[in-house]
Amino acid sequence: MSLQIKINDDLKEAMKAKKEPHLSTLRLLKSDIQYELTKTGAKELSDEQVITVVKKAYAKRMDAIEMYQKAGRNDLLEQEQGEAGVLKEYLPPELPEEEIIATIDRIFAELQQPTAKDMGKVMGKVMAAFKGKSIDGTKVSAIVKSRLS
């Protein structure tokens, strides 16, 4: 079963059970997927494309959580955390830090002593190596920066 079909089925179940925040989050996610479908002109998205849409939605929630924490808006913070939790269910499990570090070390060896000027090149190769997998880009960036300095 494709991820897109699973999301649609979960939305139907959430509607029947009147389950919040699943219902509102999955409606927004379905809307994002529909937008991506019209943008690409496809009838159905691949699982990798759906994961990309989910990652974008999850990143928006994480940014909102950070802003609401700074502003002290606990009411909105809880809502965003609930939505982020729902979205996380559709993301592949995050890779362990040891695997991320091993891949970064391998790329550093390939590039033969990159410098701070090569940050963009290194990040491009690292992110390409993790394409389709769930990783935290800020964590990866921090690891790469520490290795470059």
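Because the structure is predicted, anything quoted here is derived from the model rather than measured.

### Structural notes on the layout of surface pockets
To find the voids left in a structure, one rolls a probe of water-molecule size over its atoms.
And step 1. Taken as a whole, the largest pocket holds about 650 Å³ of empty space.
And step 2. What lines the largest pocket is a set of 25 residues, and nearest its centre among them are Lys 55, Tyr 58, Ile 135, Asp 136 and Gly 137.
And step 3. Those elements that provide at least two residues to the lining of the largest pocket are α3 (47–71) and α7 (137–148).
And step 4. Of all the elements, α3 adds the most residues to the lining of the largest pocket, at ten residues.
And step 5. Split into classes, the residues belonging to the lining of the largest pocket amount to ten nonpolar, five polar and ten charged.
And step 6. Residue-level mapping places the lining of the largest pocket at the junction of two domains, with at least three residues from each of domain 1 (3–89) and domain 2 (97–148).

### Description of the domain arrangement of the protein chain
And step 1. Each assigned domain of the protein chain is listed here: domain 1 (3–89) and domain 2 (97–148).
And step 2. Taken over C-alpha atoms, the centre of domain 1 sits 28 Å from the centre of domain 2.

Rules and cut-offs
- Residues numbered from 1 in each chain as written.
- Predicted model: local features only at pLDDT ≥ 70, side-chain atom pairs only at ≥ 80, totals over all residues.
- Heavy atoms only, no water.
- 1 Å grid on protein atoms, 1.4 Å probe; cavity = no way out; pocket = protein on both sides within 12 Å on 5 of 7 lines; lining within 4 Å.
- Points joined across faces, edges and corners; volume = space filled by probe spheres on them.
- Helix = DSSP H or I, 4+ residues; strand = E, 2+ residues; numbered from the N terminus.
- Nonpolar A, V, L, I, M, F, W, Y, C, P; charged D, E, K, R; others polar.
- Domains from an automatic or database assignment.

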